[in-house]
Amino acid sequence: MKYLVFGAGGTGGSLAAFLAQGGKDVSLIARGAHLEAIRRNGLVLESRHGTFAIPVEAEDAEHCSCRPDVILLCVKGYSLADTVPFIRKAAGRDTVVIPVLNIYGTGRALQAELPELLVTDGCIYISANRIAPGVIQKHGAICRIVYGLPSHKTDHPVLQQVETDLKNAGIDPVYSPYVERD
């Protein structure tokens, strides 16, 4: 599957780094000096396991031409509405959008804006931040993504594959039947 991580801060940068290290096909949307540093040096991830420069395909939103199977949306809550035009442009008919902000409730807002796509509810538990252009520092061990559908079903094959891919990349996924609770 092709993953697109929209947002290259502590959350998105960490997820892109883990997925790339795990051998997944991943692209990252970044901007400015951060984008240029990632293109030049790879995405540098500092963690308790060491410092690694990870090659990740990085583009800006204006020039990205990839057609992802899954978009992991990792922007600040106040930027959520600004992502809708890009998602419409980048998404194919079967693209799944998983908002993984560090707050809950963004999925429902996106579902209303993107009724033609499958948008989950979701959130992430992580402590990480961008400390310099192209450099993400992850604190502690936790990296847990909780996502699920308002219908409470857990039988969607793409979302099941996402769970497997995240787990194989060293991320703790929770494909929840009760995402509101979890």
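Remember, predicted model here, so these are calculated numbers, not experimental data.

What counts, and at which threshold
Residues numbered from 1 in each chain as written. Predicted model: local features only at pLDDT ≥ 70, side-chain atom pairs only at ≥ 80, totals over all residues. Heavy atoms only, no water. Pairing = 2+ DSSP bridges. Helix = DSSP H or I, 4+ residues; strand = E, 2+ residues; numbered from the N terminus. Contact = heavy atoms within 4.5 Å. Axes fitted to C-alpha atoms, helices over the stretch in contact; angles between N-to-C directions. Core = buried A, V, L, I, M, F, W, Y, C linked by side-chain atoms within 4.5 Å. Buried < 20%, exposed > 50% of the residue type's maximum accessible area, 1.4 Å probe, protein only. Right-handed = clockwise from strand over helix to strand, strands pointing away. Polar contact = N/O pair within 3.5 Å; in protein donor to acceptor, adjacent residues only side chain to side chain. Arc of directions from axis to C-beta.

A. Seen up close, the sheet that holds strand S6 (residues 70–73). Strand order in the open sheet formed by six strands is S5-S2-S1-S6-S7-S8, with parallel pairing between adjacent strands. Each edge of the open sheet carries a strand with a single partner, namely strand S5 (57–59) and strand S8 (118–119). Looking at chain direction, S6 and strand S7 (residues 96–99) are connected through four bridges and run parallel. Directly across from Val70, in S7, lies its bridge partner Val96. Packed onto the sheet, helix H3 (residues 80–90) meets strand S1 (2–6), strand S2 (25–29), S6 and S7 and runs at close to 160 degrees relative to S6.

B. Just the nonpolar core, in detail. Core analysis: the largest hydrophobic core is formed by 38 residues, its most contacted members being Leu72 and Ile98. In this view, Ile98 contacts Val70, Ile71, Leu72, Leu73, Thr120, Tyr147, Leu159 and Val162; residues no more than four positions away in its chain are not counted. Among the nonpolar cores identified, the runner-up in size contains 19 residues, and Phe86, Ala91, Val97 and Val119 belong to it.

C. Representation of the pairing of S6 in the model. Covered by surrounding structure in S6 are Val70 and Leu72 together with Ile71 and Leu73, the residues of both alternating faces. With four bridges connecting them, S1 and S6 associate as parallel partners. Bridge pairing in S6 links Phe6 to Leu73. Following the chain from S6 across H3 to the adjacent parallel S7, one finds a crossover that is right-handed.

D. Summary view of the side chain of Asp121. Looking at the secondary structure, you find Asp121 in strand S9 (residues 121–132). At a separation of 2.5 Å, a polar atom in the side chain of Asp121 contacts the side chain of Arg108. Once residues lying within four places of it in the same chain are set aside, the contact partners of Asp121 are Tyr104, Gly107, Arg108, Gln111, Val146, Tyr147, Gly148, Pro150 and Val179.

E. Seen up close, the environment of Ile124. Mapped onto the elements, Ile124 comes out in strand S9. In this structure Ile124 comes out as buried when scored by relative accessible area, which is 3%. Linking Ile124 and Ile71, residues 53 residues apart in sequence, is a C-alpha distance of 14 Å.

F. Examining H3 more closely. Restricting attention to buried positions, one finds in H3 the residues Leu80, Thr83, Val84, Phe86, Ile87 and Ala90. For H3, the secondary structure elements touched by its buried residues are S1, S2, S6, S7 and helix H4 (106–113).

G. Spatial organisation of H4. Taken together, the buried positions of H4 are occupied by Thr106, Gly107 and Leu110. Down the axis of H4, the sector holding all buried residues measures 95 degrees, keeping them to one side. Contacts made by the buried residues of H4 are with S6, H3, S7, S8 and S9.

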